[in-house]
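# Working through the structure, step by step
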Amino acid sequence: MSERLLKCWILVGLLMAGLLVAPSTALAHRVFVYAYVEGDQLKGEGYFGGGGKALHCPVQVFDAGGKQIGEAETNEEGNFTMALPKGQPPLKVVLNAGDGHRAEYEMTAEELGEGAEAAAEQPAPAQAEPAAGAAAPAATAASGASLAEIEKVVSKVVAAQVNPLKAQMVRLAKKDEVTLRDIIGGLGWILGLAGLFAWGRSRRN
Amino acid sequence: MHISEGVLSPPVLATGAALSAAGLAWGLRKIEVEKLPQVALMAAVFFLASLIHLPVGPSSVHLVLNGLVGLMLGWAAFPALAVGLALQAILFQFGGLTGLGVNTFNMALPGVICYYLFSPWVMRDSRWASMAAGFAAGFCGVLFAALLTAVSLVASGDAFTSAAWAILAANLPGMVLEGVVTAAAVSFLRQVKPALLNIDAVH
């Protein structure tokens, strides 16, 4: 009897230990990917729910038509960098963590905007410059930098400041944690389905 | 082992859904009303087991318990795991709804195989024999599920050897862990409530 009781407690202890470990590493097997444009590069990060980094995972970029237009691999920190691929937005960034685990991130034209526009519109400010220069030649000459150059530097600095915030927002929106509500809701569903099944059987008999 | 959305090809998804539907129909017929609470209980256990992560080396593995569910439920493992997986997909975003058929089949069939292979041994008089059978059921439940996962990926176009070996290597700690946990559960149940271990009368 006492041996049986002891085993009871060992089992309970094991389960408790498991549950204590659970929150810290929970969802280590759900993978996420996030990407952003910085200048003429596409950068991003792969990570597992709970905080682990996705190391050495292949990353592919597809255009709206499903054609592969870019490729990279995450490094030791789970980050990747590639030349900004040109293609019809929205682009799809796909990270494959092996074992059937895969994450996708869609980049809308809006998100691609900064880099794509900077690349595409570079000639435009140059054309606009003479007009601006004609209006206020002193101001441009005094600063020693063209409007386009200032614009480029400012957008680069702003992007560097804003990108970490964006990454955080993506994480928040993608809810990578299981809450107590999910767990209790699931148990409730199982109870309900069992009740439904029993009810169906009892009607048949 | 929860294969994500968008990894598998449509023929593989369709095949998995069809096989799971067949297993589900057969499993539901096998459930007697008196055994229903046990099926629901095991569905709940399976649903929660995926949240219990244990650190193994640099990574961590989570419990699957498909071997234990199979030992206790036989063919009723199909409905129990289908419900558990559907709720995991909806509430935890594990796997995905399109891959539900494939994932159900990949985890429930090993459970049923373990039931046929090991449940006769679990009820032996020797405690060691039944614990060994429990370990084998836990180990093989994950092993077979890993093999079926590899087959699903290969059928969808992955290179065979790399996929198979990566999955087996990644799941080896999980197999041992499952074996230990299932052996402990079997040893516990046969002393406390032996009726739970052979709920299905079919052999």
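Residues numbered from 1 in each chain as written. Chains lettered and ligands numbered in written order. Predicted model: local features only at pLDDT ≥ 70, side-chain atom pairs only at ≥ 80, totals over all residues. Heavy atoms only, no water.

### Remarks on the packing of aromatic side chains
Counted by the stated rule, this structure contains 9 aromatic pairs over all chains. When the ring of Tyr-34 of chain A is compared with that of Tyr-36 of chain A, the centres are 5.7 Å apart and the planes differ by 35°; the resulting orientation is tilted. For the residue pair Tyr-34 of chain A and Tyr-36 of chain A, the accessibility class agrees, reading buried in each case. Arranged with centres 5.0 Å apart and planes meeting at 20°, the rings of Phe-47 of chain B and Phe-92 of chain B form a pair that is stacked. Highlighted residues: Phe-47 of chain B in helix α2 (residues 36–49) and Phe-92 of chain B in helix α4 (residues 77–92), separated in sequence by 45 residues. On the basis of relative accessible area, Phe-92 of chain B is assigned to the buried category, the value being 1%. One aromatic cluster in this structure is built from Tyr-34, Tyr-36 and Tyr-105 of chain A. The ring of Trp-128 of chain B has Arg-127 of chain B lying over it, and the distance from NZ or CZ to the ring centre is 5.3 Å. (Phe/Tyr/Trp six-rings, centres within 6.5 Å; stacked < 30°, edge-to-face > 60°. Buried < 20%, exposed > 50% of the residue type's maximum accessible area, 1.4 Å probe, protein only. Helix = DSSP H or I, 4+ residues; strand = E, 2+ residues; numbered from the N terminus. Lys NZ or Arg CZ within 6 Å of the ring centre and 35° of its normal.)

### A word on the nonpolar core
Judged by nonpolar contacts, the single largest core of 48 residues is most densely connected at Ile-190 of chain A together with Phe-46, Val-69, Met-72, Leu-73 and Phe-118 of chain B. Elements represented by at least two residues in this core include exactly α6 (180–204) of chain A together with α2, α3 (66–73), α4, α5 (100–122), α6 (127–155) and α7 (160–192) of chain B. Membership of the second largest hydrophobic core comes to 25 residues, among which are Val-31, Leu-84, Tyr-105 and Ala-167 of chain A. (Core = buried A, V, L, I, M, F, W, Y, C linked by side-chain atoms within 4.5 Å.)

### Some details on α5 of chain B
With 23 residues, α5 of chain B should reach 33 Å at 1.5 Å per residue; the first-to-last C-alpha distance of 30 Å fits that figure. Maximum bend of α5 of chain B: about 40°, positioned at Tyr-116 of chain B, with proline Pro-120 of chain B one to four residues after it. (Expected span 1.5 Å × (residues − 1). Bend = angle between axes of the 7 residues up to and from the residue.)

### Structural notes on the confidence of the model for chain B
Residues and elements named next belong to chain B. Across chain B, pLDDT averages 86, with 92% of residues at or above 70. Within the model, the stretch residues 199–203 combines pLDDT values under 50 with 14 contacts to residues more than four positions away or in other chains. Listed scores for the predicted complex are pTM 0.72 and ipTM 0.82. (pLDDT = per-residue confidence, 0-100. Contact = heavy atoms within 4.5 Å.)

### Section: the state of the cysteines
All names here are of chain B. For the coordinates displayed, the defined rule picks out 0 disulfides over all chains. Unpaired in this structure, Cys-114 has its nearest cysteine sulfur neighbour in Cys-140, at a distance of 5.5 Å. Given the relative accessible area of 14%, Cys-140 is considered buried. (Disulfide = S-S within 2.5 Å.)

### A word on the side chain of Asp-63 of chain A
Residue and element names in this part refer to chain A. As for its placement among the helices and strands, Asp-63 is situated in the loop between β3 (58–62) and β4 (68–73). This buried residue, Asp-63, is left without a salt bridge; Lys-67 holds the nearest opposite charge, at 5.0 Å. Of the polar contacts made by the side chain of Asp-63, one reaches the backbone nitrogen of Lys-67; its length is 2.9 Å. Residue contacts for Asp-63: discarding those within four places in its chain leaves Ile-69, Gly-87, Gln-88, Pro-90 and Leu-91. (Lys, Arg positive; Asp, Glu negative; His and termini not counted. Salt bridge = Lys/Arg side-chain N within 4 Å of Asp/Glu carboxyl O. Polar contact = N/O pair within 3.5 Å; in protein donor to acceptor, adjacent residues only side chain to side chain.)

### Quick look at the sheet that holds strand β2 (residues 41–48) of chain A
All names here are of chain A. Read across the open sheet, the 3 strands follow the order β1-β2-β5; overall the sheet is antiparallel. The open sheet terminates on both sides in strands that have one partner only, identified here as β1 (31–38) and β5 (79–83). Each strand of the sheet is rotated relative to its neighbour by a mean of 20°, with strand direction disregarded. Here β2 pairs with β5 via 5 bridges, running antiparallel. Each bridged residue has a counterpart across the sheet, and for Gln-41 the counterpart in β5 is Ala-83. Sitting on the sheet, helix α5 (residues 147–173) touches β1 and β2, and the angle it makes with β1 is about 150°. (Pairing = 2+ DSSP bridges. Axes fitted to C-alpha atoms, helices over the stretch in contact; angles between N-to-C directions.)

### Some words on unusual backbone geometry
Residues and elements named next belong to chain A. In this model, His-56 sits at a positive phi of 50°, which is unusual for a non-glycine residue. For His-56, the location among the structural elements is in the loop between β2 and β3. Under the relative-accessibility criterion, His-56 is labelled partly exposed at 44%.

### Describing the pattern of salt bridges
All names here are of chain A. In the structure shown here, the tally under the stated rule is 2 salt bridges over all chains. Its salt-bridge partner being Glu-38, residue Lys-43 comes within 3.5 Å of it at the nearest N-O pair. By relative accessible area, which is 23% here, Glu-38 ends up partly exposed. Across the salt bridge formed by Arg-102 and Glu-104, the nearest N and O atoms sit 2.4 Å from each other.

### Details of the side chain of Ser-152 of chain B
Residue and element names in this part refer to chain B. Mapped onto the elements of the fold, Ser-152 is located in helix α6. Given a relative accessible area of 7%, Ser-152 falls into the buried group. Here Asn-106 takes part through its side chain, which lies 3.1 Å from a polar atom of the side chain of Ser-152. Setting aside residues up to four positions removed in sequence, Ser-152 forms contacts with Ile-3, Leu-8, Val-12, Val-102 and Asn-106.

### As for the pairing of strand β7 (residues 101–107) of chain A
All names here are of chain A. Of all 7 residues in β7, 5 are buried, a share of seventy percent or more. Direction of pairing for strand β6 (residues 91–98) relative to β7: antiparallel, over a ladder of 7 bridges. Residue Lys-92 lies in a different strand from β7, and its bridge partner there is Glu-106.

### So, the packing of α3 of chain B against α5 of chain B
Residue and element names in this part refer to chain B. Here α3 crosses α5 at 60°, and the two axes come no closer than 7 Å. In terms of orientation, α3 and α5 fall into the oblique class. For the element pair α3 and α5, the recorded crossing hand is right-handed. Contact with α3, carried on its side by Asn-66, Gly-67, Gly-70 and Leu-71, involves Met-107, Pro-110, Gly-111, Cys-114, Tyr-115, Phe-118, Ser-119 and Val-122 of α5 and no other residues of that element. Grouping the amino acids of the contact of α3 with α5 by side-chain chemistry returns 7 nonpolar, 5 polar and no charged. (Parallel < 35°, antiparallel > 145°, perpendicular 65-115°, else oblique. Left-handed = near helix turned anticlockwise from the far one by under 90°. Nonpolar A, V, L, I, M, F, W, Y, C, P; charged D, E, K, R; others polar.)

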